[in-house]
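Remarks on the overall topology
So you can see what is in the structure, the chains are spelled out below.
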Amino acid sequence: MKILAFAGSSSSTSINRELVKFVLKDFQNEEINLLDLNDFTMPVFSVDLEKKGFPDAAHQFLKVIEECDVIICSLAEHNRSYSAAFKNIFDWSSRINVKVFQNKPMFLMSTSPGGYGGGNVMNTAKTFFPQFAADIKETFSLPKFYENFDLESGVINPDMLTDLKTKIKDFKNQIKTND
């Protein structure tokens, strides 16, 4: 199974990337492609620029989605929405193919330093991603990242760890039935 994983952040110290890396430990026997959104830099989307053509990076982003079997991502929340880096990639890609996520099974996550755990961006994504052909199988939100996550150990809150491990197991079971 080919897993595409990414954090919806361009930060070199992304806490969402840390959450993704932690979850990927449960998929060690799979082929993993952990993206860095900085590898998909492109101009800020506008219809004027679109008339001149689409950036290669947008085509590349869609190609890595096409080549995967499942998607695991954790979205950063900036001012209650997607990060500008992710939104720009998403905007360009959706103009090429409105089915950005190409009906791939998705484990959608978010985390933040605050108590809502990126809940605003999570709620937005749960509503809109399916309209762009995301097959969201499971979701997980980790609040208070710096209290509930250790860079060496991962999720350290026992209840949250149990919840996450259950969702990972459920996700694996759901994607096995899709084979």
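To be clear, the structure that these remarks concern was listed above.
Residues numbered from 1 in each chain as written. Predicted model: local features only at pLDDT ≥ 70, side-chain atom pairs only at ≥ 80, totals over all residues. Heavy atoms only, no water.

1. A look at the pattern of salt bridges
A complete count under the given rule lists six salt bridges for this structure. Between E67 and K63 there is a salt bridge, with its nearest N and O atoms 3.0 Å apart. Relative accessible area serves as the criterion here: at 41%, E67 is assigned to the partly exposed category. Here K63 falls in the partly exposed class, since its relative accessible area comes to 44%. (Salt bridge = Lys/Arg side-chain N within 4 Å of Asp/Glu carboxyl O. Buried < 20%, exposed > 50% of the residue type's maximum accessible area, 1.4 Å probe, protein only.)

2. Digging into helix α1 (residues 15-24)
Taken across its 10 residues, α1 has seven buried, putting it largely inside the fold. N-capping of α1 is provided by S14, with a side-chain oxygen placed 3.2 Å from the backbone N of N16. (Helix = DSSP H or I, 4+ residues; strand = E, 2+ residues; numbered from the N terminus. Polar contact = N/O pair within 3.5 Å; in protein donor to acceptor, adjacent residues only side chain to side chain.)

3. Remarks on the environment of R95
The residue R95 is located in helix α4 (residues 84-96) in this model. Between the alpha carbons of R95 and A58 there is a distance of 9.4 Å; along the sequence they are 37 residues apart. Sequence-distant contacts of R95, that is, excluding residues within four places in its chain, are made with F45, V47, E50 and F54. (Contact = heavy atoms within 4.5 Å.)

4. Some words on the nonpolar core
With 31 residues, the main nonpolar core has F6, I71, F86, F101 and F129 as its most contacted residues. Breaking this core down by element, the ones donating at least two residues are β1 (2-8), α3 (56-66), β3 (70-75), α4, β4 (104-111) and α5 (119-128). The leading source of residues in this core is α3, at six residues. Residue contacts for I71: discarding those within four places in its chain leaves L4, F6, I65, F101, K104, P105, M106, F107 and F171. (Core = buried A, V, L, I, M, F, W, Y, C linked by side-chain atoms within 4.5 Å.)

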